[in-house]
Amino acid sequence: QVQLVESGGGLVQTGESLRLACVVSGRTFSNFGMGWFRQAPGKEREFVAAISRTAGLTNHADSVKGRFTISRDNAKNTLYLQMDNLKPEDSAVYYCAASADISFAVRNPRNVYEYWGQGTQVTVSA
């Protein structure tokens, strides 16, 4: 019954911005640690950012640090990824993911994310 639906992807030029959203239904959103991942053609899925249940802690991959900001609005059951100064290498399908694990930690690279969205395409042209 848990569903995650991403939106906000699109086609942009280098240096422009997008804001992705992920709406979660079926469970109490605040019970989930949340993450964003991305996967480009021919590449492995990679971690982008994670946020704690209370939004007090975040972690961003080095490749996006200073440009992307993960946030959440628990009252709206929504996770966000603000992407500024986009680069062509940011082009990928972006996925949101939810972790119900009590041991979730934003800096743990081995977090288990039980629920995943369908993905939204981000394409950045030079």
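Look up: the structure comes first, before these words.
Bear in mind the structure is a predicted one, so any value in this text is a computation, not a measurement.

Caption draft 1: Spatial organisation of the pairing of strand β11 (residues 120-125). Only one face of β11 is buried, namely the one carrying T120, V122 and V124, since none of Q121, T123 and S125 on the opposite face is buried. Where strand β2 (residues 10-13) and β11 come together, 4 bridges link them in parallel fashion. Of the residues in β11, the one forming a bridge with L11 is T123. Note: strand β9 (residues 92-99) against β11, 3 bridges, orientation antiparallel.

Caption draft 2: How the structure looks around the pattern of salt bridges. Under the criterion given, the structure shown has 4 salt bridges. Between E46 and R38 there is a salt bridge whose closest N-O contact spans 2.7 Å. For E46, a relative accessible area of 33% corresponds to the partly exposed category. Between R67 and D90 there is a salt bridge; the shortest N-O distance is 2.7 Å. One end of the pair, R67, is in the loop between β6 (58-60) and β7 (68-73); the other, D90, is in the loop between β8 (78-83) and β9, and 23 residues separate them in sequence. Per residue, the accessibility class of R67 equals that of D90, and both read buried.

Caption draft 3: Quick peek at the nonpolar core. Core analysis: the largest hydrophobic core is formed by 28 residues, its most contacted members being M34, W36, L79, L81, M83 and Y94. Looking at this core, the elements with two or more residues in it are β3 (18-25), β4 (33-39), β5 (46-51), β7, β8, β9 and β11. Among residues more than four places away in sequence, those in contact with M83 are E16, S17, L18, L20, R67, F68, Y94 and V122. Within the second largest apolar cluster, 6 residues are counted, among which are A50, A97, F104 and V106.

Criteria and thresholds
- Residues numbered from 1 in each chain as written.
- Predicted model: local features only at pLDDT ≥ 70, side-chain atom pairs only at ≥ 80, totals over all residues.
- Heavy atoms only, no water.
- Buried < 20%, exposed > 50% of the residue type's maximum accessible area, 1.4 Å probe, protein only.
- Helix = DSSP H or I, 4+ residues; strand = E, 2+ residues; numbered from the N terminus.
- Pairing = 2+ DSSP bridges.
- Salt bridge = Lys/Arg side-chain N within 4 Å of Asp/Glu carboxyl O.
- Core = buried A, V, L, I, M, F, W, Y, C linked by side-chain atoms within 4.5 Å.
- Contact = heavy atoms within 4.5 Å.

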